[in-house]
Structures are given as C-alpha cells and as structure tokens.
Amino acid sequence: MAEAADFQGTPSPARRWLRRTGALLAGAPLLAGLMQLPTAAPAQAAGSDTVSVALDSLSPSAPSDGDTLTVAGTVTNNGKQAVTDAHVDLRMGSLLGTRSEIDTAAQHSDDLQSSLGTEVGSKYTEDFDSLGPGVAEHFSISVPVDKLDLGQDGVYQFGVSLSGKTSAQQWDQVLGIQRTFLPWQSSEADTKTKTTYLWPLISTVHVTAKTGAGELQTPVFQNDDLAKEISPGGRLAQMLALGKDLDVTWVIDPDLLASVDAMTRSYRIQGADGTTTAGTHQAVAKQFLVDLQDAVTDREVVALPFADPDLASLAHNGTSVTGSLSHLKDATDVAATTVKTVLHVTPSTDFAWPVNGAVDPSIIKVATSAGADKVIARSDSLQETGGLTYTPSAARPIGGGTTAVVADARLSTAFGGDLTHADSSTLAVQQFLAQSLALNTQTDKQRSIVVAPQRMPSASQAQAMATAITALQNSNWSESQDLAAAAKAKPDPGATTKIPSSSAYPSSLRKQELPRTAFEQIARTQDKLDNFQVILTDQSRVVTPFGRAINREMSTSWRGSGSEADSFRTSVESWLDDLISQVKLIDKSETKLSGRSATIPVTVQNNLVQGVSHLVLRLTSSMPTRLEIGGNPYYEQPVEVSGGHSQSVKFSTAANANGRVEVTAQLYTEDGQKYGAPVSFDVKVTEVTPTVMLVIGGGVLLLVLAGFRMYTQRKRAAARRADEDDGPDEAGEDTSDTPGAPETPDGSAAESSGGTGDADGPGNPATHGDRLPEESVARSGADDPEQPSDPTPDTAPESADPSETGERVDR
C-alpha cells in the first residue's frame, strides 16, 4: 500500500532526491560514451585527410626466414595543425586467404576505418617531436622477419601508420596509414607455379613512306622521337637494359627493328613545313641494336606481324573491305625475315596478340588467318564459367587446331597505372607478388600462368615490372617458363574454352578501333600501288617502302590517336599520287593537218629515277569518220621511257573530211588499266583544195616541158659533134674552128671548147667527168640514151606525180 501510494502520489522530497541521484549514476556511462563520440569520429576523419603515409620501398619484397625487412617512406602533414609526439609504427594485419580479398584490401589501403592491425612493437618505430603543417619527413625502419610473428605461408596485410596528437585532439591516435601486402613463403613450395612473363619491345609508327631518290633510298622519319626512346635513359633503352637480366619472353614488333636499323645509316627527319633535315643518331641506333642482339641471345623471341596490326579493328571493320586480310598475311611473312636479319635469331611467328587480350569469334578468325595458331587472350575476356576454385593453366584448345593462351588479368594489369612515384610503384609490386603467391596456394596442382602486360610500358612501369619479376624469380613459389612451353602445357579439363560473343567485346576498346573508312583508304592506296608497280623496271624501290607503310597504317599504336592515323594515311596516299604523276603525258595545243595524212607525235615524260615500261599509249579520235588514227578510230603503241627522260610516240593519221576533231591520248598498263590523266587536244583538218591541186599540177607540167626541151637540145648537139668527129673534109681542111659554124636547130651556135678540138684536152669537159650522156651515145654509135659509166646527176629526176603531203606535226 505504501509503495502504491508513493508511486501514484506526489513523492516526498527525500524520495525525489534519491531517485534523481540513482538516475544520474545509472546514466553516467552512457553520457560518457555520448560525449566521446563527437570527438572520436572527427579524429579519424581528420587523420585520413590530414596526414598521408607514403611507402616508398619495402625490401625484400618477398622475405624468407632469416631476412630483415626494411621499410622506408615519407609521412606528410597536410593539415593546418602541427602533429606532436608523432611516431611511425609497423603493423601486421590478417592473413588473406583468396585473391578477391587481396583486391578488396588494395581498394582500402589508406582507410582508417578498417582494421589497423597489430603494432609490431615500440622497438621498431621512428619518432618525430613535431610534424608541422606541410612538412614531410622521411622514415626508415628495419625489423627482423622473425619479429613479425608470421604464421603459416600466405599473404599478409602489412601497414605503416603515423600516430600523434594535435592541439584539437590531445590524445594519441592514428592519423594516417598505408597498407600493403607481405607475401610469406618460408621455404620452397612443394608445387611451384610456372610463370611466363612477356616483355614487349614495341613502339609507335615513326617511318613515313617517303624515301630519297638516291640508290640507297634514304628513309624519312616523321620526327626524332625514336632517337629519344633508344637513347640512354629513354623508354626503350630502359626496357632493353632491364629486360636483359630477366628470364622473360621477348615480344618484338619487327617495325621497330627495321626503323632502328634504318637509323644506323643515312636518314632524314621531316619538319612541320615539309622540309627534311639529316638525322644524326646513327651511333645511338647501332649501339641499341648491338645491346639488343646480346640481350636476346639464347632467349625466346616472339615476332608480331610487321607494325603490330590491330586485329580487332581488322576483324570488326576491315574484313568487309576487299584485300584487307592480305595485308595481315604480308605483315606476318615479312616479320620473321626482319627479326632474323637484324637480330640474327629465328623468332616464333605462331602467336597473335589482340589488344588487351580481348577476343570474340571474328577476332580469333582474323588472328589465325595469317598462319598463327595461338592467340594470346586475357582472363577478363575469356572468363571462367565452370566454377573452378583455382586459376587454371593458360592453354585452352578452342577448336580448329587453335590454342588460346589466356593471360592472367590481375597479374597482367598490375602495372598499368601511374607509377612515377615510388610509393605507387612499391604498392604495385607488392600486390603483384601477393596475387602470384595466392594463386600458387589455391591448389597443389601445378599450373602454367602467363602474364601479358600493356604493349608499351612507360619507363617507370618497366622499372616496377622488373622489380616484381626479379622478386618472383627469386621466390620460393614460382619458376620461369617460355611462352611456347606454356602454350603446349596440358590444359585443365574444367577450364572454359568458349569464346565470348561479339556483344561482349568492351565498348571502350571498340571506340578506339580504326573505322571502315580507314580500311577503304588503305584499299584505295593499294590499288594505286598495284597499278603503278607494273610499269616500273625496279619495283622494289616503290613496293617495299609503300608496302611497309600500308602495314603501319593498320598499327595497334594508332588507338586513341585517330587524327594522327588519318594524317598518316593521307600522307602515304598523297606521296604515292605524287610519284605516279611523275610519269605523264605532256599537254598538247591545237594541231593543224593541211593534207590527207600526217604524223602526230605525243610525248611521254618520266621524271622518276628509274625507267618505266609495260605501258601502252592509246590515241583516240572522237570522229573517226573525219580523222582516222592508224586506220582505226584509235591506235595503241608500247611505251618505254628511261628515268629522267621523255619519249615522243608518233601516230599516223588519215583525214577524210575537213573540220575540227578532238583527239585523246591516254596511257594504259599492259593489263588494260588506265594510267594517269588523259590529254585531249584538237586536230584541225584542212583537205587539199582544187585550186591548190591546179597550181601543183601546173608546176609539174612546166617541169615536164622544161625537161623535154633540154633533152631535144642535147640530142641535136650530140648529133652535130658526131659529124665533126668524122675528120677533115676532102680538101684535108679542119673546119672545127671555121668561123660561121652552123647553128644548132634551135638557133644557138654550136658549142666550142676554144681549144684544138682534142677530146681529152684540158679545156674539154670530159676531163672533169661532166660528159653529157648524149655525147657518149654519139661516140659509141649506140642508141641507148645512157651508159653505166655516165656521171650521176646532182639531183634526182623529178617525178611527175603530185608530191606527198605527209608531214611531221609537232606540238
């Protein structure tokens, strides 16, 4: 009753005091917790944003028993308040059992909300009295591996943290952390993963289609960037220096070798204004090739098709364009020859490598069309669908005698980011090694794993790759293997062999592909080259540089550089057009024919340094009823012109009527293809008029009459002299010099030698061989008008027929 009364009524003052005191005592712990929450949460958030920890090096990357682990890096106060009583600690995290756990941990490597791990110990720390705003301090801590309390083999999280106080938070707290991975394999693994690492030596396109006119055909480079890459410190020079000490498979683009080899001799650099300057890096190029020859000796070398053609672009956009696949075959055929000539090693050409290892049925079909029977794919494209609990071996039979060599996506993309800073490079190396060890611990079954990194690693990426490969090759869980051996390894029965559909191809990669218009332009250039080369006496001078330029137009290196690719293709086609135009017809002006027939010359000019042949020049009349050429509407003649010369080809024509006729000259190849632009000109035909014929006939008649008159005069003179030669008259008197000698029938006086009448005297014309034919006839008594011994007249006897009107007509 009393308890009921107290509860229902008004409590007494004493009871109210007791009740309030109990409530305060009971709520004290909760109040304390509520008071701490607002300060604890901001402390961690501030630490995440205020202090950064960079892990610049961790050595050894994969420690074993007896090693001492050295960790070095930098801590930076990015906040506005100084950090006091600061200290850097090493922290051991949990054992990560799967590859997915490694991926998740890597995504939260600097998250203060995640587990911080256990401090290794205060003995292995580094202190700073104060870390001012904007101040960066370097640290280096070494700890024996046996002090890390590592248990079973596997991958452990490993972190470096910075703790301290701020003026706003006067208690010791973690203000920043950086986590990484510590692969731990204390002794030789019972089963080691066989790892193949591809070491790509590939560059962008550097050489144009242009060559010098000399016998050596000096190549012209787009720029001098290749010299920078192969010079000491350059990207390719570092790739070479790093790769020579690694057990890797070299994957080489023969175009790079051909380009560097061209630099060992005379070469030129094309300027922005179109002019060229002499290249000066012959010594650098020679040294690069010497070093490369040493590096690949006794190593596996895989040669990509020349200029590394974009297989996916060709499969998706080029196969519908006639002739596109033939370029891939040409690029594959020349690859082995180039590598063997430059490096003196025999490469493998059995492998095709699509961009990022992304495949679909059309890419596989194109990749194997040129003879390759192994396609390097990647596991994020050809994904596992069989529910395997481990990563299977790389080799997968996909039908038709083709093997897909599936590279591991996690390992292949480990060094694709910005690794210019030491901390990012260190994290990439540790994550790569962690993934490799986690893969090895998945099963006791030995597997062959392939790593296919990005095609053109930067210098910093290459350095990180080399660090990881060196650690891997010295590890207790992996051993090196050639790519050919990996492709021949026994495939896992449960591994997927189904090629993904075309719709599964990444859209991001499809956007970077060469468009169909690019392959159409390539086809057009090839058609022009085919038409051009048949007329050349030395085809290799043109076919080789342009053939390789067409290969370069299809290069994978154009991805992401569409405008540059367009410009390169246009320059190749323009240069070919310029060469083709060096063999041409010379323009002709109007030609006049003033007769029934004439010869019309057409000039072919060759400004090339080599001769041309197998050409046919066709001259066509637009009105064959008025003007015939060679007795037909058109006429053809073969053409051969030496280098740097012109050749005039003559055509006979016949006019049937007056008027203007358009005539077209066109060059053809012997197979009937038009070559170059035609040349058209007018021929004005003027037939011989009756008046002109009358004048010509009258002139001929006068000549005939004059000739007859001369003949009769000489006949009578000869008869008279014959009478005189009979001797003196009966009285014995010589009358040859008697005045009043009888005149000739035409009334002229008889000819007198003015001498003694001696036929052989000095004054007798016979002594000079000018004896007339009539005199010879009179002396011999013969009736023939002419003897073989008679002197030949100075001019031939003229014909009574009309003179020919044919004439040579020049332009």
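Residues numbered from 1 in each chain as written. Predicted model: local features only at pLDDT ≥ 70, side-chain atom pairs only at ≥ 80, totals over all residues. Heavy atoms only, no water.

(A) Layout of the confidence of the model for the protein. Mean pLDDT over the protein stands at 84; residues scoring 70 or higher make up 82%. In this model, residues 1–48 is a region of pLDDT below 50 whose contacts with residues beyond four sequence positions or in other chains number 19 contacts. Counting interchain partners and residues more than four positions distant, the pLDDT-below-50 stretch residues 728–811 has 82 contacts. (pLDDT = per-residue confidence, 0-100. Contact = heavy atoms within 4.5 Å.)

(B) Molecular detail of the packing of aromatic side chains. All chains considered together, the criterion is met by six aromatic pairs. Members of the aromatic cluster, each reached through a chain of ring pairs, are Tyr197, Phe415 and Phe432. The lysine or arginine in question, arginine 455, covers the ring of tryptophan 353, its NZ or CZ lying 4.4 Å from the ring centre. Geometry around tyrosine 634 places arginine 618 over its ring, the cationic atom sitting 4.5 Å from the centre. (Phe/Tyr/Trp six-rings, centres within 6.5 Å; stacked < 30°, edge-to-face > 60°. Lys NZ or Arg CZ within 6 Å of the ring centre and 35° of its normal.)

(C) View of the side chain of arginine 396. Counting through the fold element by element, arginine 396 comes out in strand S18 (residues 395–399). Relative accessible area serves as the criterion here: at 3%, arginine 396 is assigned to the buried category. At a separation of 3.3 Å, a polar atom in the side chain of arginine 396 contacts the main-chain carbonyl oxygen of threonine 496. (Helix = DSSP H or I, 4+ residues; strand = E, 2+ residues; numbered from the N terminus. Buried < 20%, exposed > 50% of the residue type's maximum accessible area, 1.4 Å probe, protein only. Polar contact = N/O pair within 3.5 Å; in protein donor to acceptor, adjacent residues only side chain to side chain.)

(D) Seen up close, helix H9 (residues 324–343). Compared with an ideal rise of 1.5 Å per residue, which puts 20 residues at 28 Å, H9 spans 29 Å between its outermost C-alpha atoms and is within 8% of the ideal. Its axis deflected by about 25 degrees at alanine 335, H9 carries its strongest bend there. Taken residue by residue, H9 has Ser324, His327, Leu328, Ala331, Thr332, Val334, Ala335, Thr338, Val339, Val342 and Leu343 as its buried positions. Positive phi appears at histidine 344, one or two residues downstream of H9, with a value of about 60 degrees. (Expected span 1.5 Å × (residues − 1). Bend = angle between axes of the 7 residues up to and from the residue.)

(E) Inspection of the sheet that holds strand S27 (residues 634–641) at higher detail. With mixed pairing, five strands are arranged side by side in an open sheet as S23-S30-S29-S25-S27. Edge positions in the open sheet fall to strand S23 (591–593) and S27, since each of these has one partner strand only. Pairwise comparison of adjacent strand axes, ignoring direction, gives a mean angle of 30 degrees for this sheet. Direction of pairing for S23 relative to strand S30 (residues 674–685): parallel, over a ladder of three bridges. Bridge pairing in S30 links lysine 592 to lysine 684. (Pairing = 2+ DSSP bridges. Axes fitted to C-alpha atoms, helices over the stretch in contact; angles between N-to-C directions.)

(F) Region of the structure containing helix H16 (residues 516–533). Taking 1.5 Å per residue as the helical rise, H16 with its 18 residues ought to reach 26 Å, and the 26 Å between its terminal C-alpha atoms agrees with that figure. Of the positions making up H16, those classed as buried are Ala518, Phe519, Gln521, Ile522, Ala523, Thr525, Gln526, Leu529, Asn531, Phe532 and Gln533. Looking at the packing, one finds that the buried side of H16 touches helix H8 (311–318), H9, helix H17 (540–553), helix H18 (562–580), strand S29 (659–669) and S30.

(G) Seen up close, a nonpolar patch on the surface. There is a patch of nonpolar side chains on the surface, built from Leu701, Leu702, Val704 and Leu705 and spanning about 400 Å² of accessible area. Here valine 704 is to be found in helix H19 (residues 690–724). What makes valine 704 partly exposed here is its relative accessible area of 44%. (Patch = residues over 30% accessible without salt bridge, like charges linked within 9 Å, V, L, I, M, F, W, Y side chains within 5 Å. Areas by Shrake-Rupley, 256 points an atom, 1.4 Å probe, with all protein chains shown as cover. Salt bridge = Lys/Arg side-chain N within 4 Å of Asp/Glu carboxyl O.)

(H) Here's a closer look at the side chain of threonine 403. Note that threonine 403 resides in strand S19 (residues 402–407). Each residue touching threonine 403, except ones within four places of it in the same chain, is listed here: Asp373, Lys374, Val375, Ala395, Arg396 and Ala487.

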